[in-house]
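Topology and contacts: notes
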Amino acid sequence: MPVFDADYLHRVAYHIYRAKGVSQEEAEIVATHQVKANLVGHDSHGVIHIIDYTGRIDRGHIVPGAPFEVVSETPATAVINGNWGFGFVVTERAMRMAIEKARVNGVAAITVHYQSHIGRLGDYPTMAANEGMIGMITADSGAGPKSVAPFGGRARRLGTNPICMGVPSDLEGTVLLDMASSAVAAGKIGLARNRGEQVPPGWLIDKDGNPTTDPDDYREGGAILPVGADQGHKGYGLSFMVETLSALLTGLGFGIDPQARHNDGVFIAVFNVEHFRPLDVFKQEVKEFAEFIKTSPPAAGFTEVLYPGEPEFRTEQARRRDGIFVEDATWEEITGLMKELGVGEAVGQP
Ligand code: NAD
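Our subject in this report is the structure included herewith. (Residues numbered from 1 in each chain as written. Predicted model: local features only at pLDDT ≥ 70, side-chain atom pairs only at ≥ 80, totals over all residues. Heavy atoms only, no water.)

What follows deals with a nonpolar patch on the surface. Residues Val-107, Phe-271 and Phe-276 make up a contiguous nonpolar surface patch of roughly 280 Å² in combined accessible area. Secondary-structure assignment places Phe-271 in strand E11 (residues 265-272). Phe-271 sits in the partly exposed class, given a relative accessible area of 32%. (Patch = residues over 30% accessible without salt bridge, like charges linked within 9 Å, V, L, I, M, F, W, Y side chains within 5 Å. Areas by Shrake-Rupley, 256 points an atom, 1.4 Å probe, with all protein chains shown as cover. Salt bridge = Lys/Arg side-chain N within 4 Å of Asp/Glu carboxyl O. Helix = DSSP H or I, 4+ residues; strand = E, 2+ residues; numbered from the N terminus. Buried < 20%, exposed > 50% of the residue type's maximum accessible area, 1.4 Å probe, protein only.)

This is the structure:
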């Protein structure tokens, strides 16, 4: 399997999007988010999506350069219509807007609708954490295709409905809870299939509701389970609330519309720490809190306790040093597209 450094994969993504008519600014934003997902270890949201996104551009489902439309606004809130722009571009801008509102008002909440996939959520609350604020984001695809069965059911009724919160601290990495409310992000099923691997027990049921580890069963009418295994009612409840914020509060709606184009409805909230406690004291306390938690002796099968976001922080350090591996099936598709678009020379050598 080929291994590449992050700069090379960034050039690959950037030049492919440029060849598809995307502006320099937007191509830069999209490539940066995608490669960052690979860097922190979430390959399911990395360059594997290049083929998918370029296909959506071809079908008019992603509209590069789409206007960022402020539908309504108050000092602490806004409703944004992304007009089917790249989710990365629209949501990054919406998060910047929320940060500026919270800088003045202490809190801010923004909804976003009509945009494409926002990828790995972790990047957006990290923007708030870097500004001394607590950032939160939830996402859902409205009436888009479903992947997750509700607790006690076997048919797909929910998305993987992720939620993410980032917190500023004096730790080296960002304290970041970034999770699907399903047992796993849907992309990881496709990744397992591309890698010819089985998935762990507890991720999937087949079309008849039986537990399975075969990723092909998902394609054939199965469903992903809510997070929590036998306590799946909690993951299901979390998913319900994520969808309430990201699909109902945004006005996207719910249900299943097979014609719906991919649409990440987003709810953003930002809390400016300085409006509650001195930022330097809070950041120090979050660090001490994480260090206290980590003093727990490891349980059987573990070597240490990590804080949320620490696995991604460590993976990024390792991958910046050792490179990012891309599975053969994904790389073949990407190199095929590079050839088709004639961008090999612009991309240069790995
Ligand atoms: P995951 O299960 O790998 O991690 C979830 C969280 O648990 C992370 O915050 C991680 O830091 C933390 N964590 C993991 N191992 C830990 C450990 N040993 N100790 C302490 N904390 C630990 O993530 P996931 O649920 O598979 O989601 C993967 C990615 O998929 C996320 O980045 C998410 O944003 C993305 N996603 C996006 C969409 C979308 O529509 N845009 C949908 C679903 C998921």
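That was the structure; now back to the text.
Of all eight residues in E11, seven are buried; the element is thus mostly enclosed. Pairing of strand E4 (residues 107-115) with E11 involves six bridges; the strand directions are antiparallel. The residue bridging Ile-110 from the neighbouring strand is Ile-268, located in E11. By the bridge criterion, eight bridges tie strand E5 (residues 133-140) to E11 in an arrangement that is antiparallel. If you follow Met-136 over to E11, its bridge partner there is Ala-269. (Pairing = 2+ DSSP bridges.)

Quick look at the site of the ligand now. Close contacts around the ligand come from 22 residues, with Gly-119, Asp-178, Ala-180, Gly-309 and Glu-312 the closest. Note that a nitrogen atom of the ligand is positioned 2.8 Å from one of the backbone N or O atoms of Gly-119. At a separation of 2.9 Å, an oxygen atom of the ligand approaches a polar side-chain atom of Lys-188. In isolation the ligand exposes 870 Å². Once the protein is present, 77% of that is buried. (Near = heavy atom within 4 Å. Polar contact = N/O pair within 3.5 Å; in protein donor to acceptor, adjacent residues only side chain to side chain.)

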